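Residue-level structure breakdown
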Amino acid sequence: MISILVLFLILIFNISIPTNCFSGVSTTGGIMLQEKIGARGIALGDAYTTATDDVNVIFWNPAGLGGIEKTILSATYIPGIFDTRYEFLGITFPIDKSLYLGNLGIGLYLFQAGRMDIYDSSGNITKNVNAEMDYLFMLSYGNRLFSDVYGGINIKHLWSTLAEEVTGKILILDIGMQWRKFILNNFSLGTSVKNIGGKLRYVEACDSLPVTYTAGISYSFRINTEESRSIIDFTI
């Protein structure tokens, strides 16, 4: 049933791709979709495809939501250069622990690219505006599919505004899977496809989304009483 739903959503998203717009060569839109979320994932060098106990997995691999048994709230603030900044607020919670209905995740992601001056034909500054403001709303679901295999899905809505005048909007899909206790109890596998959705359209101009394919494997072990983990991730 879940696989049928995923295929249906992919079909709908592909049908919704705009065709009557122009795009530059090798350009991608939605710059915030390439920025990483969460201190743990960033500290691990983006090797987070097999993570399972963090609300930020809704960005890395929504399958990681499956099996979380408590409510988790997370906030991230990342300042950049030239007044740019990224902000994220997310929460995940079990739908019904007794019925094992999986977990929902909700996230709000903000990107601000700083301010810029607008000039008239005489070279005079007419106004000062936000260069770019992007908002990304994320609705996520993850659950056990069978045995130790978990699946997850993100439905995201990106709202991007350039110079406070031109706006682009698009629905985006992420899907992911994890195979925990792979072969031995210490191994886990994970894979995800992120940013499925076609092109972000600004009036007659279009930018392709940065579709990302990831796969990872992790090995858990203990040193004395502390749990440690070795992780390898591949991203395309």
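Look above for the structure.
Attention here is on the structure that accompanies the text. Since the model is a prediction, treat every value here as computed from it, not as a measurement.

1. Focus on unusual backbone geometry
A positive phi angle is found at Ser147, which is not glycine, with a value near 45°. Tracing the backbone shows Ser147 in the loop between β7 (132-146) and β8 (149-162). The exposure class assigned to Ser147 is exposed, which follows from its relative accessible area of 53%. Of note in the backbone geometry, Glu164 takes a positive phi value of approximately 60° without being a glycine. Relative to the helices and strands, Glu164 is located in the loop between β8 and β9 (166-180).

2. Focus on the nonpolar core
By size, the foremost hydrophobic cluster in this structure holds 26 residues, and its most contacted members are Met32, Tyr109, Leu136, Leu158 and Ile172. Elements supplying a minimum of two residues to this core: α3 (57-60), β2 (72-79), β3 (85-94), β4 (103-112), β7, β9 and β11 (199-202). Among the elements that line this core, the one with the most residues is α3, at four residues. The residues contacting Leu158, other than those within four sequence positions of it, are Gly30, Met32, Leu33, Asp134, Tyr135, Leu136, Gly168, Lys169, Ile170, Ile172 and Leu200.

3. A short note on the side chain of Asn61
The residue Asn61 is located in the loop between α3 and β2 in this model. Engagement of the side chain of Asn61 in a polar contact is seen with the backbone oxygen of Thr49, the distance being 3.0 Å. Side-chain polar atoms of Asn61 contact the backbone oxygen of Met177, separated by 3.4 Å. Setting aside its immediate chain neighbours within four residues, Asn61 contacts Thr49, Gly176, Met177, Gln178, Gly190, Thr191 and Ser192.

4. Points about the pairing of β9
Moving residue by residue along a regular strand, the side chains alternate between the two faces of the sheet. Here 14 bridges tie β8 to β9, and the two strands are oriented antiparallel to one another. Each residue of the ladder has a partner; that of Val149, found in β9, is Trp179. The antiparallel hairpin formed by β8 and β9 contains three residues in its connecting segment, where Ala163 sits at a positive phi of about 55°. Note that β9 and strand β10 (residues 187-196) share seven bridges and pair antiparallel. Along β10, the bridge assignment pairs Ile175 with Val193. The turn linking β9 back onto β10 is made up of six residues, and Lys181 within it adopts a positive phi angle of 55°.

Calculation rules
Residues numbered from 1 in each chain as written. Predicted model: local features only at pLDDT ≥ 70, side-chain atom pairs only at ≥ 80, totals over all residues. Heavy atoms only, no water. Helix = DSSP H or I, 4+ residues; strand = E, 2+ residues; numbered from the N terminus. Buried < 20%, exposed > 50% of the residue type's maximum accessible area, 1.4 Å probe, protein only. Core = buried A, V, L, I, M, F, W, Y, C linked by side-chain atoms within 4.5 Å. Contact = heavy atoms within 4.5 Å. Polar contact = N/O pair within 3.5 Å; in protein donor to acceptor, adjacent residues only side chain to side chain. Pairing = 2+ DSSP bridges.

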